Amino acid sequence: MQRNSSFSESECMRNIMKDLAFYDAAMQSYLKSDLSRPEIEIPPLRRTLTIIQKLRSDCSLTANGDISSVELDSTNLWPNDSFGNRQKMCKMMKGLHVRSITINRALGYISSGDHRK
């Protein structure tokens, strides 16, 4: 039995690419801000950025080469308050953690092919 699905694989991939582009740009701008302890903050963020950039390059192959870029105003995003910046980054990383679970589920659904039945 065939069912009608309102799921759009291309729209889903575009939204995933937008999310990854946002987190990439936010972390890049954070690394350029004044960090109180760069020796502790930079290494895990660099590793996370490497993973995000790899995902973006892999997803761009399936999203018809549409690589989204996001411009962030880093002056508004990361003011000169080191504690506030770290707190905001912590919240952002928690958001990335939750979003990565959703992305994983969406990619699993896409690769299963259930939406095409």
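Residues numbered from 1 in each chain as written. Predicted model: local features only at pLDDT ≥ 70, side-chain atom pairs only at ≥ 80, totals over all residues. Heavy atoms only, no water.

Focus on the overall build of the protein chain
Within the protein chain, the regular secondary structure consists of four helices and zero strands. Each helix (α) and strand (β) of the protein chain, taken in turn from the N terminus, gives the series α-α-α-α. A total of 117 residues make up the protein chain; the buried ones form 32% of that total. At a minimum sequence separation of 6, the contacts of the protein chain that also span at least 24 residues come to 77%. Counting only carbon and sulfur atoms, one obtains 53% of the accessible surface of the protein chain, whose full area is about 7800 Å². (Helix = DSSP H or I, 4+ residues; strand = E, 2+ residues; numbered from the N terminus. Buried < 20%, exposed > 50% of the residue type's maximum accessible area, 1.4 Å probe, protein only. Contact = heavy atoms within 4.5 Å. Areas by Shrake-Rupley, 256 points an atom, 1.4 Å probe, with all protein chains shown as cover.)

Quick word on the pattern of salt bridges
This structure, assessed with the given rule, holds five salt bridges. Asp58 serves as the salt-bridge partner of Lys54, at 3.1 Å between the closest nitrogen and oxygen. Of this pair, Lys54 and Asp58 both sit in helix α2 (residues 38-62), separated by four residues, roughly a single helical turn. (Salt bridge = Lys/Arg side-chain N within 4 Å of Asp/Glu carboxyl O.)

What to know about the packing of aromatic side chains
Across all of its chains, the model carries three aromatic pairs by this definition. Ring centres of Phe7 and Tyr109 lie 5.0 Å apart, and the angle between their planes is 85°; on these two criteria the pair is classed as edge-to-face. Taken together, the residues span a long stretch of sequence, with Phe7 in the segment before α1 (9-32) and Tyr109 in helix α4 (residues 82-112) at a distance of 102 residues. Plain terms: the ring middles of Phe22 and Tyr23 are 5.3 Å apart, the flat faces sit at 75° to each other, and that makes the pair edge-to-face. One cation-aromatic arrangement involves Lys88 over Trp78; the distance from NZ or CZ to the ring centre is 5.8 Å. (Phe/Tyr/Trp six-rings, centres within 6.5 Å; stacked < 30°, edge-to-face > 60°. Lys NZ or Arg CZ within 6 Å of the ring centre and 35° of its normal.)

So, the environment of Thr50
Tracing the sequence through the fold places Thr50 in helix α2. Look at Thr50 and you get exposed, because its relative accessible area is 51%. Sequence separation between Thr50 and Asp24 is 26 residues; the distance between their C-alpha atoms is 9.2 Å.

Limitation: the analysis is restricted to geometry and does not speak to function.
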